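Per-entry structural report
Read off the chains here:
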Amino acid sequence: MNTVPTNAGPIKPEHGMFESSRAAESSAAPKTASARRGLTVTWHQQHKKTLTTEERAADTMRNFMGSWRFVGGFVLFMILWAVANSFASGWDPYPFILLNLFLSMLAGLQGAILLISAKRQDAIAAALAQHDFDTNIAAKTDIEALLEINNRQLAMISDLHAILERLDWPRSATVTND
């Protein structure tokens, strides 16, 4: 699930590099009550609020037409149509030309609804791809900052080892009994 953090930004190594962990945690703590409780709003939830009535209707109809409930209901409707027009003097005799007309109109409407919904899904996929790209760029910046901090720490450790070797630390630290 993709979430949009509100306090995301590149890590600044020069600010508070050696702060206590409690101070670092409190500065990175979420500022809103819902964020402190762990409630986050996903990109999909935010996007759903911006949909027009027509877009919601297209999504609802697409979801219904792609369900087994629709398929079962449609098969039941066709069976009832055939039974009503075969055994009784119905309004649409055997070749069921009126039913074929309705099926053709339904196929045309379904195609248009599916195209509307597919176009929206393409726009959503493009927006999510852009969001993922932006997140990756921000993560790359953070990782590069962390690597820089790590390299400075490794250099400091190496310098400390060199100082200890010059002081002859291991020999002077041992106590000899003469």
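Let's talk about helix H6 (residues 97-166)
An ideal rise of 1.5 Å per residue puts 104 Å on 70 residues; H6 measures up with 100 Å between its terminal C-alpha atoms. Regarding H6, the residues found buried are Leu99, Ile113, Ser117, Arg120, Ile124, Leu128, His131, Ala145 and Ile149. The inward-facing, buried residues of H6 contact helix H3 (43-48), helix H4 (53-65) and helix H5 (68-86). Positioned one or two residues after H6, Asp168 has a phi angle of 60 degrees, which is positive.

A word on the environment of Gly111
Its place among the elements puts Gly111 in helix H6. Taking the relative accessible area as the measure of exposure, Gly111 reaches 30% and is therefore partly exposed. Note: C-alpha distance between Gly111 and Arg62 (49 residues apart in sequence) is 9.9 Å.

Thoughts on the packing of aromatic side chains
Enumeration according to the criterion identifies five aromatic pairs in this entry. Measuring from ring centre to ring centre gives 5.8 Å for Phe70 and Phe74, while their planes differ by 15 degrees; the resulting arrangement is stacked. Placement of the pair is Phe70 and Phe74 together in helix H5, with a separation of four residues, close to one helical turn. Between Trp81 and Phe102, the aromatic rings sit 5.9 Å apart at their centres with planes inclined by 90 degrees, giving edge-to-face as the arrangement. In this pair, Trp81 sits in helix H5 while Phe102 sits in helix H6, placing the two residues 21 residues apart along the sequence.

Some points on unusual backbone geometry
A positive phi angle, close to 50 degrees, is found at Phe96, a residue other than glycine. Summarising the element assignment, Phe96 is placed in the loop between H5 and H6.

Topic: the side chain of Asn85
Looking at the secondary structure, you find Asn85 in helix H5. From its side chain, Asn85 meets the backbone nitrogen of Trp91 in a polar contact 3.1 Å long. Beyond its immediate sequence surroundings of up to four residues, Asn85 is in contact with Gly90, Trp91, Asp92, Pro93 and Phe96.

Some details on H5
Relative to the 27 Å expected for 19 residues at 1.5 Å per residue, H5 spans 27 Å between its end C-alpha atoms, a close match to the ideal helical length. Taken residue by residue, H5 has Phe70, Trp81 and Asn85 as its buried positions. The buried residues of H5 all sit within an arc of 20 degrees when viewed along its axis, so they share a single face. For H5, exposure combined with an orientation more than 90 degrees from the buried face picks out Trp68, Arg69 and Leu80.

Looking at the confidence of the model for the chain
Residues with a pLDDT of 70 or more make up 72% of the chain, whose mean pLDDT is 77. Per-element confidence in the chain is highest for H6, whose mean pLDDT is 92, and lowest for helix H1 (residues 21-28), whose mean pLDDT is 42. The low-confidence segment residues 1-30 (pLDDT under 50) makes 30 contacts with residues lying over four places distant or belonging to another chain.

Conventions we followed
- Sequence positions are assigned chain by chain, starting from 1 and proceeding in written order.
- Note on the predicted model: pLDDT of at least 70 is required for a residue's local features to be given, and 80 or more for side-chain atom pairs to be given and counted; whole-chain, interface and lining totals, by contrast, use all residues.
- Note that the side-chain values use all heavy atoms of the structure and ignore hydrogens as well as water.
- A run of DSSP states H or I qualifies as a helix once it reaches four residues; a run of E qualifies as a strand once it reaches two. Both are numbered from the N-terminal end.
- Here the expected length of a helix is defined as 1.5 Å per residue gap, with one fewer gap than residues.
- For every residue, the accessible area obtained with a 1.4 Å probe (protein chains only) is divided by the maximum for its type, and the residue is called buried under 20%, exposed over 50%, and partly exposed between those limits.
- The contact definition used throughout considers only heavy atoms, calling two residues in contact when any of these lie within 4.5 Å.
- Any two of the Phe, Tyr and Trp rings considered here, Trp counted by its six-membered ring, make a pair once their centres fall within 6.5 Å; the pair's planes then place it as stacked at under 30 degrees, edge-to-face at over 60, or tilted in between.
- Two N or O atoms count as a polar contact when they lie within 3.5 Å, although within protein this holds only if one can serve as hydrogen donor and the other as acceptor, and sequence-adjacent residues are included solely when both atoms are side-chain atoms.
- The arc in question is formed by the directions pointing from the helix axis toward the C-beta atoms.
- On a range of 0 to 100, pLDDT expresses the predictor's confidence in each residue.

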